[in-house]
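Single-letter residue listing:
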Amino acid sequence: MIELRGVGHVYSPRTPWARRALEGIDIDVGVGQGLLIVGANGSGKSTLAWILAGLTVPTEGTASLSGQPLDRAGPKVAVSFQHARLQLFRSTVGSDVAWGRGVEEADVDPALMAVGLDPGEVRNRRIDELSGGQQRRVALAGLLARRPELLVLDEPFAGLDHEGRETLVGVLGRVRANGLAVVVVSHDYEDAEEFADRVVALEGGRIAMDVGVREGMARLTERDAPPAPPAARRKARQ
Ligand SMILES: Nc1ncnc2c1ncn2[C@@H]1O[C@H](COP(=O)(O)OP(=O)(O)OP(=O)(O)O)[C@@H](O)[C@H]1O
Ligand SMILES: [Mg+2]
């Protein structure tokens, strides 16, 4: 479905401020696939998310959805940014979810339920009365109501508590089961096997790892494990 071939990106090319963010990226995302993209700060994750969402046209290579350039994919791709409030335009929850081309009033309640919100309770509430985590869910409901084929989420877990995170992980699992492809960009790979089947790690704008989710989580956990104390110190403490 989604094909990135030899994708590279340089910000402000041909200027003294030119800065390379990505190089030589080949990625495929199939129908209903779940892809987690991890990497350190500045490794190129958001740049890649913007390219997948069709918002940034890469300066090198090709990015396409079913053979069509991604930047012309329109409503087939939905993207959620870290700061959900920036994505909510209307004053009430119901009017915000219903906002958008091709979305009907009847789509609102199912979309709210899909993100674990009770329509009767939240439909008429003001966006400003909701917590950040609830606003994030409303933004996601609005995206789902537009029935995209690919959902791109940049740091969707930031600022969520344990319950908010569990709900979102459950939502992602369910939308994938309905055939939607999901790309999650995050530092954090906890529970990744519940919403992803593949993990791509970026390092300095290049792909350092592209493996199945189980192997990816095992390798990331090993990488991040604290070093074992030296044997001598262990002995001294006994
Ligand atoms: N608009 C921009 N203009 C110039 N350089 C940029 C711009 N946006 C990002 N960069 C640079 O591109 C590189 C990749 O940035 P990007 O935001 O994609 O990283 P990231 O992995 O999302 O980082 P973080 O974890 O901090 O969100 C960085 O070196 C960054 O400084
Ligand atoms: Mg980022």
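See the structure above.
Residues numbered from 1 in each chain as written. Chains lettered and ligands numbered in written order. Predicted model: local features only at pLDDT ≥ 70, side-chain atom pairs only at ≥ 80, totals over all residues. Heavy atoms only, no water.

Caption draft 1: The arrangement of the sheet that holds strand β5 (residues 68-69) in detail. Spatially, the four strands line up as an open sheet ordered β2-β1-β4-β5, and their pairing is antiparallel. Of all strands in the sheet, those with a lone pairing partner are β2 (19-29) and β5, marking the two edges. In the sheet, strand β1 (residues 2-11) pairs with β2 via seven bridges, with the strands oriented antiparallel. Directly across from L4, in β2, lies its bridge partner I27. (Pairing = 2+ DSSP bridges. Helix = DSSP H or I, 4+ residues; strand = E, 2+ residues; numbered from the N terminus.)

Caption draft 2: Expanded view of the environment of F195. Counting through the fold element by element, F195 comes out in the loop between β8 (181-185) and β9 (198-203). Take F195: its relative accessible area is 1%, and that puts it in the buried class. For the pair formed by F195 and R174, sequence separation is 21 residues and the distance between their alpha carbons is 8.7 Å. (Buried < 20%, exposed > 50% of the residue type's maximum accessible area, 1.4 Å probe, protein only.)

Caption draft 3: Inspection of a negative patch on the surface at higher detail. A grouping of D161, E163, E166, E193 and E194 is seen on the molecular surface, where their side chains present a negatively charged patch. Along the polypeptide, E163 turns up in helix α6 (residues 162-177). (Patch = residues over 30% accessible without salt bridge, like charges linked within 9 Å, V, L, I, M, F, W, Y side chains within 5 Å. Areas by Shrake-Rupley, 256 points an atom, 1.4 Å probe, with all protein chains shown as cover. Salt bridge = Lys/Arg side-chain N within 4 Å of Asp/Glu carboxyl O. Lys, Arg positive; Asp, Glu negative; His and termini not counted. Charge placed at Lys NZ, Arg CZ, Asp CG, Glu CD.)

Caption draft 4: Representation of the nonpolar core. Residues L36, V97, L140, L151, L172 and F195 are the most contacted members of the largest nonpolar core, which totals 46 residues. Considering every element that reaches this core, the biggest residue donor is helix α5 (residues 132-145), with seven residues. Formed by 27 residues, the second largest nonpolar core is a distinct cluster that contains I27, A53, V77 and V200. (Core = buried A, V, L, I, M, F, W, Y, C linked by side-chain atoms within 4.5 Å.)

Caption draft 5: Representation of the pattern of salt bridges in the model. Enumeration over the complete set of coordinates arrives at 13 salt bridges. Across the pair R165 and D191 runs a salt bridge, and its minimum N-O distance is 3.4 Å. Residue R165 is found in helix α6, and its partner D191 is found in the loop between β8 and β9; the two are separated by 26 residues along the sequence. When its relative accessible area of 7% is taken as the criterion, R165 is described as buried.

Caption draft 6: The arrangement of the sheet that holds strand β10 (residues 206-212) in detail. Here six strands make up an open sheet; going across it, the order is β6-β7-β8-β3-β9-β10 and the pairing mixed. Lying at the two open borders of the sheet, with one neighbouring strand each, are β6 (77-80) and β10. On average, each strand axis in the sheet is tilted by 15 degrees relative to the strand beside it, whichever way the strands run. (Axes fitted to C-alpha atoms, helices over the stretch in contact; angles between N-to-C directions.)

Caption draft 7: Representation of the packing of aromatic side chains. Across all of its chains, the model carries one aromatic pair by this definition. Ring plane angle 50 degrees and centroid distance 5.6 Å describe the contact between F157 and F195, whose orientation is recorded as tilted. A residue pair is termed long-range when its members are at least 10 positions apart, and F157 in the loop between β7 (150-154) and α6 and F195 in the loop between β8 and β9 qualify at 38 residues. In terms of burial, F157 and F195 fall into one category: buried. Lying across the ring of F157, R165 places its NZ or CZ 4.2 Å from the centre. (Phe/Tyr/Trp six-rings, centres within 6.5 Å; stacked < 30°, edge-to-face > 60°. Lys NZ or Arg CZ within 6 Å of the ring centre and 35° of its normal.)

Caption draft 8: Focus on the layout of surface pockets. The calculated volume of the largest pocket comes to roughly 550 Å³. Along the walls of the largest pocket sit 27 residues, with P75, V77, A78, L143 and R146 positioned nearest its centre. For the lining of the largest pocket, the secondary structure elements donating two or more residues are β6 and α5. No other element matches α5, which puts four residues into the lining of the largest pocket. Within the lining of the largest pocket, the residues separate by chemical class into 16 nonpolar, six polar and five charged. (1 Å grid on protein atoms, 1.4 Å probe; cavity = no way out; pocket = protein on both sides within 12 Å on 5 of 7 lines; lining within 4 Å. Points joined across faces, edges and corners; volume = space filled by probe spheres on them. Nonpolar A, V, L, I, M, F, W, Y, C, P; charged D, E, K, R; others polar.)

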